[in-house]
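# What the coordinates show
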Amino acid sequence: MAEFDELYIRHFKYVYKYVLSLCRNETAAEDITQEAFLKAFENIDGFSGKCKIQVWLCQIAKNTYFTYYESAKKHTFSSAELEWDSAIDFEQRFFDRENAFEVHKALHSLDEPYKEVFSLRFFGELPFSQIAELFGKTESWARVTYHRAKMKLKEDLS
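These numbers were taken from a predicted model, which means no experiment stands behind them. (Residues numbered from 1 in each chain as written. Predicted model: local features only at pLDDT ≥ 70, side-chain atom pairs only at ≥ 80, totals over all residues. Heavy atoms only, no water.)

### Comments concerning the nonpolar core
In terms of nonpolar packing, the biggest core is built from 23 residues, with Val15, Val19, Phe37 and Leu57 touching the most fellow members. Secondary structure elements with two or more residues in this core: helix H1 (2-23), helix H2 (26-42) and helix H3 (53-73). Excluding its chain neighbours within four sequence positions, the residues that come into contact with Phe37 are Phe4, Leu7, Tyr8, His11, Phe12, Val15 and Leu57. Membership of the second largest hydrophobic core comes to 17 residues, among which are Leu107, Leu110, Ala142 and Tyr146. (Core = buried A, V, L, I, M, F, W, Y, C linked by side-chain atoms within 4.5 Å. Buried < 20%, exposed > 50% of the residue type's maximum accessible area, 1.4 Å probe, protein only. Helix = DSSP H or I, 4+ residues; strand = E, 2+ residues; numbered from the N terminus. Contact = heavy atoms within 4.5 Å.)

### Things to note about the pattern of salt bridges
Within this structure, the stated rule accounts for four salt bridges. A salt bridge links Glu30 to Arg121; the shortest N-O distance between them is 2.2 Å. Of this pair, Glu30 sits in helix H2 while Arg121 sits in helix H6 (residues 114-122), and the two are 91 residues apart along the sequence. Like Glu30, the residue Arg121 is buried in the burial classification. One salt bridge in this structure joins Arg143 and Glu30, with 3.7 Å as the shortest N-O distance. On the criterion of sequence distance, the pair formed by Arg143 in helix H8 (residues 139-157) and Glu30 in helix H2 is long-range, its members being 113 residues apart. Taken as a pair, Arg143 and Glu30 share a single burial class, namely buried. Linked through salt bridges whose partners overlap, the residues forming this network are Glu30, Arg121, Glu139 and Arg143. (Salt bridge = Lys/Arg side-chain N within 4 Å of Asp/Glu carboxyl O.)

### Brief notes about the environment of Ser109
With respect to the element layout, Ser109 can be found in helix H5 (residues 97-109). A distance of 2.8 Å separates the side chain of Ser109 from the backbone oxygen of Ala106, its partner in a polar contact. (Polar contact = N/O pair within 3.5 Å; in protein donor to acceptor, adjacent residues only side chain to side chain.)

### Section: the packing of aromatic side chains
Enumeration over the complete set of coordinates arrives at nine aromatic pairs. Ring geometry for Phe118 versus Tyr146: centroids 5.7 Å apart, planes at 10 degrees, classification stacked. A residue pair is termed long-range when its members are at least 10 positions apart, and Phe118 in helix H6 and Tyr146 in helix H8 qualify at 28 residues. Taken individually, Phe118 and Tyr146 each receive the classification buried, so the pair is uniform in this respect. Where Phe135 meets Trp141, the ring centres are 5.1 Å apart and the plane angle is 50 degrees; that geometry is what we call tilted. Here a set of aromatic residues connected by ring pairs shows up, and it is made of Tyr8, Phe12, Tyr16 and Phe37. (Phe/Tyr/Trp six-rings, centres within 6.5 Å; stacked < 30°, edge-to-face > 60°.)

### Let's talk about the packing of H1 against H2
Where H1 contacts H2, the axes come no closer than 8 Å and their chain directions differ by 135 degrees. Considering their axes alone, H1 and H2 lie oblique with respect to each other. Considering only the axes of H1 and H2, their crossing is right-handed. Counted together, Phe4, Leu7, Tyr8, His11, Phe12, Val15, Tyr16, Val19, Leu20 and Cys23 of H1 and Glu26, Ala28, Ala29, Glu30, Ile32, Thr33, Gln34, Phe37, Ala40 and Phe41 of H2 form the full contact between these two elements. Of the residues belonging to the contact of H1 with H2, the class tally is 15 nonpolar, three polar and two charged. (Axes fitted to C-alpha atoms, helices over the stretch in contact; angles between N-to-C directions. Parallel < 35°, antiparallel > 145°, perpendicular 65-115°, else oblique. Left-handed = near helix turned anticlockwise from the far one by under 90°. Nonpolar A, V, L, I, M, F, W, Y, C, P; charged D, E, K, R; others polar.)

### Here we look at the packing of H2 against H8
The N-to-C vectors of H2 and H8 enclose an angle of 70 degrees; their axes lie 11 Å apart at closest approach. As judged from the angle between their axes, H2 and H8 are roughly perpendicular. Counted together, Glu30, Asp31, Gln34 and Leu38 of H2 and Arg143, Tyr146, His147, Lys150 and Met151 of H8 form the full contact between these two elements. Among the residues forming the contact of H2 with H8, the class breakdown is three nonpolar, two polar and four charged.

Okay, structure coming up:
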């Protein structure tokens, strides 16, 4: 896991910039890049070493972007409102009165700093750079912490 964290820290900006060049939306690029790294983590054994790791990560990111783009076309949101399908489902659970209490219970049960980082990003819509500054940590730390919080919440709600 520590090796993958190092891989994430080392290559996140490169992959993020690539995705940003595809979608031209910072929020979507962050989400797509995080999802791409999650897919890479789940399939790291499939990396054969026939190409540079950055190329492999960008290929995963490109495929993730195309999935995002295809799912976004099915919705009638403006480009500024486009969100990841899983994020939309997740967000909808906050606004669905029947599920809202369960979601807030799961959020309340998160340990710190996951609870605060998730709240600052999701509800406060703060950029990772500002979250990192608040905690005196790196932007990569903020990204990883948010991603882990989101995964823990999804796991708790499944």
